[in-house]
Every structure is written in structure tokens, then in C-alpha cells.
Amino acid sequence: MDAESRIIRSGFPTLDTVLQGIRLGDNVVWQIDNLEIYRFFARPFITQSIADGYVCVYMRFAPHAPILDPQPGLEIIEMDPGPGFDSFSAEVHQIIEEKGRKCFYVFDNLSALVSEWATDELLANFFQLTCPFLFELDTVAYFGLTLGKHQDSAVSRIRDTTQLLINVYSVNNERYLHPQK
């Protein structure tokens, strides 16, 4: 596979230029101060990915409003993190294994998992187990994370594991991107 065929479009040509493309295997963490910002980036990504012929899955597990709306070409899988870290992680990994290579994902805001599991450490553990598995299968996955809500040690572990970490701020209805990695 040549390098060009590994480049994935985000749905925003300008963002693709800034990031020099998203690549197969990339996990993209959006540190956001509100969910509407995450939706702003996730929706065009999924629309573009469906148009480009990829299998797309929305992992729905949080009590917040949906990040993505139903649309042709998007499978929405609802999960319950309530039974705990082990059960939830096993369910997510089973889905990823069943979907196989080059499947694209949008996950609900990961910060919601802390409400269920009561610790940032379990959130970071989940990410550190899931991200490499997604990478191995040449997937692309979007994850939301609420900016300023988590311990520095957990965010550091997530930053060390992910391929792209982008802080997005909203000030006076303007969005500012600050790529961290």
C-alpha cells in the first residue's frame, strides 16, 4: 500500500492540510470544552468516510446527547459501561475484532466513563488497551475528552498512546485548534 492510499480525509480540507492528513491507524483525541465542538468535527469525518466507502461505527455509551445522528452507512452500537471496566472493554474489543480492518469509529465523549468508573486511571487504562488494537487494524477512530476535567497523569497517558491529540477551544463563537501531538 502506498503512502497516498493511507491518507484519510477528515471532511475539512483545511484541517487535512494542517494535520498533513489523517492516516490509517490513527486515533484522534479531541480535547474539547463542549460537545458541540466534538460534533462539529465528528459529523463531517463520518460523512466523508461513508462517501469514501469505509465501514463506519458510532460507539454510543454516554448519557449525553448523541454525537452522530443515524444515517445510511453508519452503524450505531449502544453499550453500557455500567457493569464496569472489564466488561465494557471486552465488549468494545469484541466489536472491533468483528468489524475488522479499515473500519472507522466515533466514540462518545470518553469523559463520561469516569462517571461510571469513578477514576481517571481506568479511563486511561481503557484508552491504552483500545488504541493500539485499533492501530493494528488500520482503523481511524475519533475520541472526545473534556478539556480540563481529568488528572494530568491520565491525559499524559492518553497523549503518549494516541497518534493525534488536538485541543479545541471556543471563544466568542470562534473555534481555535491547538494540536498537541
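In short, a report on the structure.

1. Focus on the environment of Thr-130
Along the chain, Thr-130 turns up in helix H5 (residues 120-136). Sequence separation of Thr-130 and Ile-46 is 84 residues, and the distance between their C-alpha atoms is 20 Å. Separated by 2.9 Å, the side chains of Thr-130 and His-93 make a polar contact. A polar contact is formed between the side chain of Thr-130 and the backbone oxygen of Phe-126, at a distance of 2.8 Å.

2. Re the pattern of salt bridges
Where side chains of opposite charge bring their charged atoms close, a pairing between them can arise. All told, the structure shown has eight salt bridges when counted by the stated rule. The salt bridge involving Arg-9 is made with Asp-52; its shortest N-O contact spans 2.5 Å. With Arg-9 in the loop between strand S1 (7-8) and helix H1 (13-19) and Asp-52 in the loop between helix H2 (35-51) and strand S4 (55-60), this residue pair connects regions lying 43 residues apart in the sequence. Notably, a salt bridge pairs Arg-157 with Glu-121, separated by 2.5 Å at the nearest N-O pair.

3. Examining the nonpolar core
Counting 32 residues, the largest nonpolar core has Met-59, Tyr-105, Phe-107, Leu-110 and Phe-126 as the members making the most contacts within it. Once residues lying within four places of it in the same chain are set aside, the contact partners of Phe-107 are Tyr-38, Tyr-58, Met-59, Phe-61, Val-92, Phe-126, Leu-134, Ala-141, Tyr-142, Phe-143 and Gly-144. Within the second largest apolar cluster, 27 residues are counted, among which are Trp-30, Phe-41, Ile-67 and Ile-166.

4. Concerning the environment of Asn-167
Note that Asn-167 resides in strand S8 (residues 164-171). Asn-167 sits 136 residues away from Gln-31 along the chain, and the two C-alpha atoms are 4.6 Å apart. Apart from residues no more than four positions distant in its own chain, Asn-167 is found in contact with Gln-31, Leu-147, Tyr-176, Leu-177, His-178 and Gln-180. At a separation of 2.5 Å, a polar atom in the side chain of Asn-167 contacts the side chain of Gln-31.

5. With respect to the sheet that holds strand S3 (residues 27-32)
Pairing between sheet strands relies on hydrogen bonds along the backbone, with the strands arranged either parallel or antiparallel. Pairing in this open sheet of seven strands is mixed, and the strands run S5-S4-S6-S7-S3-S8-S9 from one edge to the other. Looking at which strands have only one partner, the edges of the open sheet turn out to be strand S5 (74-78) and strand S9 (174-179). The sheet shows a mean angle of 20 degrees between the axes of neighbouring strands, taken without regard to direction. Two elements, S3 and S8, share five bridges in a ladder whose sense is parallel. Directly across from Val-28, in S8, lies its bridge partner Leu-164. Each of S3, S4, S5, strand S6 (103-109), strand S7 (140-146), S8 and S9 is contacted by H2, which is oriented at about 165 degrees to S6, the strand it contacts most.

6. Considerations on the packing of H5 against helix H6 (residues 152-161)
When two helices pack together, their arrangement is given by the angle between their axes and by how far apart the axes lie. Close contact between H5 and H6 brings their axes to 9 Å; oriented N to C, the two are set at 5 degrees. Judged by the inter-axis angle, H5 sits roughly parallel to H6. The segment H5 lies against H6, with Asp-120, Glu-121, Leu-123, Ala-124, Asn-125, Phe-127, Gln-128, Cys-131 and Pro-132 engaging Ser-153, Ala-154, Arg-157, Ile-158 and Thr-161.

Conventions used here
- Residues numbered from 1 in each chain as written.
- Predicted model: local features only at pLDDT ≥ 70, side-chain atom pairs only at ≥ 80, totals over all residues.
- Heavy atoms only, no water.
- Helix = DSSP H or I, 4+ residues; strand = E, 2+ residues; numbered from the N terminus.
- Polar contact = N/O pair within 3.5 Å; in protein donor to acceptor, adjacent residues only side chain to side chain.
- Salt bridge = Lys/Arg side-chain N within 4 Å of Asp/Glu carboxyl O.
- Core = buried A, V, L, I, M, F, W, Y, C linked by side-chain atoms within 4.5 Å.
- Buried < 20%, exposed > 50% of the residue type's maximum accessible area, 1.4 Å probe, protein only.
- Contact = heavy atoms within 4.5 Å.
- Pairing = 2+ DSSP bridges.
- Axes fitted to C-alpha atoms, helices over the stretch in contact; angles between N-to-C directions.
- Parallel < 35°, antiparallel > 145°, perpendicular 65-115°, else oblique.

Function cannot be inferred from these measures alone, as they are strictly geometric.
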